[in-house]
Amino acid sequence: MNHRGNALLLLLLSMLMMLTMMPSMLSLVSATALAPSEKALLVCGGSLGCLKGVYMPGYQSKRFEAFLGIPYALPPLGELRFSNPKVMPKLQGIYNASVAKPDCIQKNYLMPTPLIYGDEDCLYLNVYRPERRLPQALPVMVYIHGGGFFSGSAGPAVTGPEYLMDTREVILVTMAYRLGALGFLSTEDAAIPGNFGLKDQQLALRWVQRNIKAFGGDPRRVTIFGQSAGGVSTHLHMLSPKSEGLFQRVISMSGTANVPFAIVDNALAQARRTAELCDVRDAQRLSTVKLARALRAVDVNTLLNAGDGLKFWDVDHMTNFRPVVESPGPDAFLSTHPKHLLAEGNYRAVPWLLGTVPQEGAVRVVNIMENVTLRQDFNSRFDELLQELMEFPAHFGTAKLEQSMELILDEYFQQQHEVNESTVQGFLDLISDRGFKQPLYNAIWHYVQSVDTSEQPLYMYSFNYLGPLSYASIYTSANVTNKYGVVHCDDLIYLFRSPMLFPDFARNSTEAKIIASFVDYFVQFAKTGKPRHAETLAPCSTEVLKSRPNGICDYQVFENAEDGFAVNVSQEFRTRNVKLWDIILDEPKCF
Ligand SMILES: COC(=O)/C=C(\C)CC/C=C(\C)CC[C@H]1OC1(C)C
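Per an unreviewed UniProt entry, the recorded name for the protein is Carboxylic ester hydrolase, and the organism is Drosophila rubida. Listed in UniProt under the heading Subcellular location (unreviewed entry), the comment for the protein reads: "Secreted". UniProt, in the comment section headed Sequence similarities (unreviewed entry), describes the protein in these words: "Belongs to the type-B carboxylesterase/lipase family."

When you look at the nonpolar core in this model, what are you seeing that I'm missing?
Side chains that are nonpolar tend, in soluble globular proteins, to be buried together. Counting residues in hydrophobic clusters, the biggest one holds 199 residues, and the most contacted among them are Phe215 and Phe427. When residues in this core are grouped by element, the largest group, 13 residues, is from helix H15 (residues 424-450). The residues contacting Phe427, other than those within four sequence positions of it, are Val365, Ile368, Phe378, Leu386, Leu389, Tyr412, Phe413 and Val419.

What am I meant to see in the packing of helix H11 (residues 362-370) against helix H12 (residues 372-380) here?
Think of two packed helices as two axes; the pair is described by the angle between the axes and how far apart they sit. Between H11 and H12, the least distance of the axes is 5 Å, while the angle of their chain directions is 100°. Put simply, H11 runs roughly perpendicular to H12. Where H11 abuts H12, its residues Asn367, Ile368, Met369 and Glu370 lie against Val372, Leu374, Arg375 and Phe378. Looking at the contact of H11 with H12 residue by residue, the classes come out as five nonpolar, one polar and two charged.

In this structure, what is going on with the pairing of strand E9 (residues 138-144)? I would like to understand it.
Each regular strand displays side chains that alternate between the two surfaces of the sheet. Counting buried residues in E9 gives seven out of seven residues, a clear majority hidden from the surface. For E9 and strand E11 (residues 217-227), the ladder comprises six bridges, and the chain directions are parallel. By the bridge assignment for E11, Val140 is matched with Val222. For E9 and strand E10 (residues 171-175), the ladder comprises five bridges, and the chain directions are parallel. Looking at E10, one finds that Val142 is bridged to Val173.

What's the story with the site of the ligand in this structure? I'm lost.
The environment of the ligand is formed by 20 residues, the closest being Gly147, Gly148, Ser228, Ala229 and Pro260. Measuring from an oxygen atom of the ligand, one finds a backbone N or O atom of Gly147 at 2.7 Å. One nitrogen or oxygen atom from the main chain of Ala229 is found 3.1 Å from an oxygen atom belonging to the ligand. The fraction of the free accessible surface of the ligand (510 Å²) that becomes covered by protein chains is 95%. Looking at the shell around the ligand, the elements with two or more residues in it are H11 and H15. With three residues, the single largest contributor to the shell around the ligand is H15. Grouping the constituent residues of the shell around the ligand by class yields eleven nonpolar, six polar and three charged.

Help me understand the sheet that holds strand E5 (residues 94-96) in this model?
Picture the strands of a sheet paired through backbone hydrogen bonds; they go either parallel or antiparallel. Ordered by their spatial adjacency, three strands build an open sheet running E1-E2-E5, and the pairing between neighbours is mixed. For this open sheet the edge positions go to strand E1 (42-45) and E5, each flanked by a neighbour on one side alone. Here the strands of the sheet are splayed against their neighbours by 25° on average, with no regard to which way each runs. Where strand E2 (residues 49-52) lies against E5, three bridges are found, and the strand directions are parallel. The residue bridging Lys52 from the neighbouring strand is Asn96, located in E5.

When you look at the side chain of His488 in this model, what are you seeing that I'm missing?
Locating His488 in the fold gives a position in the loop between helix H16 (472-475) and helix H17 (510-528). Beyond its immediate chain neighbours, meaning those up to four positions away, His488 contacts Gln227, Ser228, Ser254, Val357, Gln359, Glu360, Val363, Phe436, Tyr471 and Tyr475.

Could you clarify how one ought to interpret H15 in this entry?
Think of an α-helix as turning once every 3.6 residues; residues three or four places apart then point the same way. Compared with the 39 Å implied by 1.5 Å per residue over 27 residues, the 38 Å span of H15 between its first and last C-alpha is a close match. Along H15, the sharpest kink reaches roughly 55°, centred on Asp433. Most of H15 is tucked away: 23 of the 27 residues are buried.

Any chance you could explain the packing of aromatic side chains here in plain terms?
Think of a pair of aromatic rings as described by two things: how far the centres are apart, and how the planes are tilted against each other in angle. What the rule picks out here adds up to 37 aromatic pairs. Taking the centre distance of 6.5 Å and the plane angle of 80° together, the rings of Tyr459 and Phe525 count as edge-to-face. Linking Tyr459 in strand E14 (residues 458-463) with Phe525 in helix H17, this pair joins segments that are 66 residues apart in sequence. Residue classification places Phe525 among the buried residues on the basis of a relative accessible area of 0%. Between the aromatic rings of Tyr471 and Tyr475, the centroid separation amounts to 6.5 Å while the plane-to-plane angle is 35°, which identifies the pairing as tilted.

What counts, and where the lines are drawn
Residues numbered from 1 in each chain as written. Predicted model: local features only at pLDDT ≥ 70, side-chain atom pairs only at ≥ 80, totals over all residues. Heavy atoms only, no water. UniProt positions renumbered as here; feature names shortened; annotations may be inferred. Core = buried A, V, L, I, M, F, W, Y, C linked by side-chain atoms within 4.5 Å. Buried < 20%, exposed > 50% of the residue type's maximum accessible area, 1.4 Å probe, protein only. Helix = DSSP H or I, 4+ residues; strand = E, 2+ residues; numbered from the N terminus. Contact = heavy atoms within 4.5 Å. Axes fitted to C-alpha atoms, helices over the stretch in contact; angles between N-to-C directions. Parallel < 35°, antiparallel > 145°, perpendicular 65-115°, else oblique. Nonpolar A, V, L, I, M, F, W, Y, C, P; charged D, E, K, R; others polar. Pairing = 2+ DSSP bridges. Near = heavy atom within 4 Å. Polar contact = N/O pair within 3.5 Å; in protein donor to acceptor, adjacent residues only side chain to side chain. Areas by Shrake-Rupley, 256 points an atom, 1.4 Å probe, with all protein chains shown as cover. Expected span 1.5 Å × (residues − 1). Bend = angle between axes of the 7 residues up to and from the residue. Phe/Tyr/Trp six-rings, centres within 6.5 Å; stacked < 30°, edge-to-face > 60°.

Pasting the structure below:
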């Protein structure tokens, strides 16, 4: 059975497991009816109310405490659809926090057959804490899941807290936020300002500031961490004036605010087109207020399916609804373009850990390569589709576009104009470089230029360990074990247990040791602002970057070794290709 078959089986198993763990399906339970051990799982706080949690089994440890499905905002339904999130009033009675809530409703274009699942009523978060804790308040790690701003899960079946809880050293919070059109559609004015998903995250971070003490957490030692779109989000929180004071450290895994899928620049046109696809009459001419009214009344499945009509080919662009630069105002999440904020160094500096994997581009390339029909279709319109995929800036004229395509075809395809066995690595590198690596390098470059890195240091890791499981098997229905190397999201396999997607590693395996090492690397950063092994690295600074035109600052590599795995130091980077993209995109840097 491939991983997908496994995944279904595991989904059923984990659902069964969760059912047996739920002492009550009621949302309110009476305190007097609780057995003594369950009473210990009651958390009450001034602005919080009271929550009844549940024990969950650890991976290497016996058990920890989980408080699941805690509402942090009013359900964003009816009039509240496409509105900024409203804070949840104090909970009355004892809230049953022993059941995870469904994911935010999404059409998941990352799966080979995109499906709609989840719920529009989804603004809930989960808190996990060790059972036996030190008397001092624990550092808090708040995770922002990825999924291209259109998909993803904060729930324990995908973002399982077991590995982090095995350390007994941190409190973990995972939050759901609105996705796709519901999270990011915008009319570029007050009618539908947009950025709802990011504002949801921000409200969840405010919830942490107000309430985490009641769980034994330290609100002044909060690390936000996120992967892919979640990594982009963490960086955007560094840039948003309204996220000030909500966190003290940041980990951005495979995503920074300057990736091409971070910002939309034709939001109103896209909102009108979406309305048209939902059969809203006069969608191109209605006032934005009327457009908003009409879109709030559209059936949610119709709204999500309308997203298909925005695609130029297959599921591309994967991310149509994106964060937007809002007009300035008290509720704006972001009112200056990230590229300006980055260039000006105009944002909050905090200890920052950035992560990457070798084959980021696999998130799109694997399915095009493995699906024969799709690949043939892509190859039959190769130049046109490749150009579209690149998301060149809108102001590029014909000559500049042609020039850029020539450079790309030379560098990545040896002028073959086709995706095949011999060009697939070039295609992977192209999407990696354009989508992730050049933005990563430039985010680092801008940071060290404008921040005193002896005060607010910057670290990087690359997760290169090739193990028996890979997200490549999620991106396609073909069996591709190990074919694509370490792909986008593969570092997550060693940070979060994902019983819905992957079987468990044996508890004495090399993979279990990597889990312990990788988790410890993160936890150490959350505790101290320095990741484990930081003393083996020369600090990153402008001088170091400039002195290594063919590399990057020292960083840690998690990689295969003869006796299992090793954490080594490297300075290698795809700097040559970063420079190529700097030239194409007119983003010069002086060395
Ligand atoms: C878990 O994955 C994510 O969060 C992010 C996703 C699904 C977006 C992936 C982005 C692409 C495939 C496009 C890359 C884009 O940069 C170009 C313009 C190549």
